[in-house]
Amino acid sequence: MRLAVAGGTGVVGRTIVAAAERRGHEVVVLSRAKGVDLTSSSGLEQHLAGVDAVIDVTSVLTMSGPKSVAFFERVTGNLLSAGRAAGVRHHVALSIIGAPEIDSGYYGGKRAQELVVLADPTGTVVRAAQFHEFGLQTLERTRLGPIAMVPRIRSQPVSTSEVAQLLLDVAEGEPRGEGPSIAGPEVMTVAEMARLVLAVRRERVRVIEFPMPGAFGRGLRGDLLLARADSHIGGVTHDQWLAEEQA
Ligand SMILES: NC(=O)c1ccc[n+]([C@@H]2O[C@H](COP(=O)([O-])OP(=O)(O)OC[C@H]3O[C@@H](n4cnc5c(N)ncnc54)[C@H](OP(=O)(O)O)[C@@H]3O)[C@@H](O)[C@H]2O)c1
């Protein structure tokens, strides 16, 4: 199968590309580092020529709802319309467990993306909990010298390799609108994840956890980001992931 991975240079994208190649798929990576800016539709149809399925794992670094909505609607719209013209039969988008319910800030953009994908006959939405890498990603975004202010977020972190395998299984099948979701085996806070990464790296940063205000903050620290009754539960614990990272 010829597969395009939009965002194939990112944290989960790199893992998907490697796993797809191991399955024998021919992979096209779409990202700015590969010369493709998906906020523009220019030349996209040619990049998608002969592609059977697209897996979209692009992202934008923002907590602003309007910026997130603008990015995800635009990139998704461009991928779907160029895909239609090129004859792509399946578009799989990775969203986040809880994004439809939280529906504000960054998650507002994920919900907007989901709605566009769910309305398309070629679309499937897969939702994942935070990746094990999320503690580190949060530190990179919140660290100010020796201090990092981290919002209180309860999560059920999952390994990107297990997310990649699920996305590939889905992409190899037929479009189904609402697709499966996946989370990891244990519940922890993002501050705990950040402290564990810092300890392994022997970096001295004080992680200060704070509750975000309003319904948004209640969503983050409640149960909304955790596995649902029908979610796939991955087997890789945070400690196992940390040990692999160290090795
Ligand atoms: N991180 C998590 O814990 C988590 C959990 C569940 C779901 N998700 C979802 O999974 C997806 C991927 O997350 P991630 O953490 O792997 O993201 P990431 O590491 O930030 O990677 C983002 C990717 O998007 C590409 N990109 C950004 N702007 C682009 C543009 N204008 N045109 C083309 N490519 C662009 C980046 O490549 P260039 O910079 O080269 O353009 C990169 O390959 C996101 O949609 C996110 O919502 C993430």
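Up top is the structure.
Throughout this description, residue numbers start from 1 for each chain and increase along the sequence as written. Local features in a predicted model are, by the rule used here, given only for residues with pLDDT of at least 70; side-chain atom pairs are given and counted only at 80 or more, and totals for whole chains, interfaces and linings are based on all residues. The side-chain quantities take in all heavy atoms of the structure and omit both hydrogens and water.

So, on to the overall build of the protein. What counts as a helix is a DSSP run of H or I of at least four residues, what counts as a strand is a run of E of at least two, and both are numbered from the N terminus. A tally of helices and strands in the protein yields 10 helices and 12 strands. Relative to a compact globule of 247 residues, whose C-alpha radius of gyration would be 18 Å, the protein shows 18 Å and is just as compact. Projected onto its principal axes, the C-alpha positions of the protein cover 50 × 40 × 35 Å. Counting the 247 residues in the protein, one finds 53% classified as buried. Radius of gyration: over C-alpha atoms. The globule rule applied is 2.2 Å multiplied by the number of residues raised to the 0.38 power. For every residue, the accessible area (1.4 Å probe, protein chains only) is compared with the maximum for its type, and the residue is labelled buried under 20%, exposed over 50%, or partly exposed between those bounds.

Time to look at the site of the ligand. Neighbouring residues of the ligand: 28 residues in total, closest Thr9, Arg32, Thr58, Tyr106 and Lys110. Definition of a polar contact: a pair of N or O atoms within 3.5 Å, with one able to donate and the other able to accept a hydrogen when the atoms are protein atoms, and with sequence-neighbouring residues admitted only if both atoms are side-chain atoms. The backbone of alanine 33 places a nitrogen or oxygen atom 2.9 Å from an oxygen atom of the ligand. Within the backbone of phenylalanine 131, a nitrogen or oxygen atom sits 2.9 Å from an oxygen atom of the ligand. Residue burial considers only the protein chains on display, and all accessible areas are found by Shrake-Rupley using a 1.4 Å probe. Across the complex, the protein chains shield 89% of the 890 Å² of accessible surface that the ligand would expose by itself. Going through the elements one at a time, helix 1 (11-22), helix 3 (65-86), strand 4 (90-96), helix 5 (106-118) and helix 6 (134-142) are the ones with two or more residues in the shell around the ligand. The element contributing the most residues to the shell around the ligand is strand 4, with three residues. Summary of the distance rule: residues count as near a molecule or strand when at least one heavy atom falls within 4 Å of that molecule or strand.

Between helix 3 and helix 5, the shortest axis-to-axis distance is 7 Å and the interhelical angle comes to 25°. Relative to helix 5, the element helix 3 is oriented roughly parallel. Considering the relative orientation of helix 3 and helix 5, their crossing is right-handed. Residues Ser68, Val69, Phe72, Glu73, Thr76 and Leu80 of helix 3 touch helix 5, and the partners they reach there are Tyr106, Gly108, Gly109, Lys110, Ala112, Gln113, Val116 and Val117. Of the residues assigned to the contact of helix 3 with helix 5, the class counts are seven nonpolar, five polar and two charged. Working convention: axes come from line fits to C-alpha atoms, limited for helices to the stretch in contact. Angles between N-to-C directions cover 0 to 180 degrees. To sort the angles, those under 35 degrees are grouped as roughly parallel, those over 145 as roughly antiparallel, those from 65 to 115 as roughly perpendicular, and the leftovers as oblique. Handedness of a crossing follows from how the near helix is turned relative to the far one, being left-handed for an anticlockwise turn of less than a right angle and right-handed for a clockwise one. Contact between two residues is taken to exist if any of their heavy atoms lie within 4.5 Å; hydrogens are not considered. Three residue categories are used. Nonpolar comprises Ala, Val, Leu, Ile, Met, Phe, Trp, Tyr, Cys and Pro, charged comprises Asp, Glu, Lys and Arg, and polar comprises the others, including Gly.

Glancing now at the nonpolar core. Ranked by internal contacts, the top residues of the largest apolar core, which has 38 residues, are Leu30, Leu38, Leu44, Leu48, Leu79, Tyr107 and Leu220. Setting aside its immediate chain neighbours within four residues, tyrosine 107 contacts Ile96, Ala99, Ile102, Gln130, Phe216, Leu220 and Leu225. Membership of the second largest hydrophobic core comes to 25 residues, among which are Val126, Val158, Val163 and Ala164. Remark: nonpolar core denotes a set of buried residues (Ala, Val, Leu, Ile, Met, Phe, Trp, Tyr, Cys) joined through side-chain atoms within 4.5 Å.

A separate point is the packing of aromatic side chains. Under the pairing criterion, centres of Phe, Tyr and Trp rings, with the six-membered ring standing for Trp, must be within 6.5 Å; the plane angle then separates stacked pairs below 30 degrees from edge-to-face pairs above 60, leaving the rest tilted. Enumeration over the complete set of coordinates arrives at four aromatic pairs. For the ring pair tyrosine 106 and tyrosine 107, a centre distance of 6.2 Å and an interplane angle of 85° mean the geometry is edge-to-face. For tyrosine 107, a relative accessible area of 6% gives the class buried. Taken together, the ring pairs in this structure connect Phe71, Phe72, Tyr106, Tyr107 and Phe216 into an aromatic cluster.

Both faces of strand 3 (residues 53-56) are covered, namely the face carrying Ala53 and Ile55 and the face carrying Val54 and Asp56. Between any two strands, pairing holds if DSSP finds at least two bridges. Sheet topology note: the strand 1 (residues 2-6)/strand 3 ladder contains four bridges and is parallel. Bridged to leucine 3 within strand 3 is alanine 53. Looking at chain direction, strand 3 and strand 4 are connected through four bridges and run parallel.

Buried within helix 9 (residues 214-221) we find Phe216, Gly217, Gly219 and Leu220. The buried residues of helix 9 occupy an angular sector of 155° when projected down its axis, which confines them to one face. Exposed positions of helix 9 whose direction lies more than 90 degrees from the buried face are Ala215 and Arg218. Close packing links the buried residues of helix 9 with helix 4 (99-102), helix 5 and strand 8 (154-155). Along the arc lie the directions from the helix axis toward the C-beta atoms.

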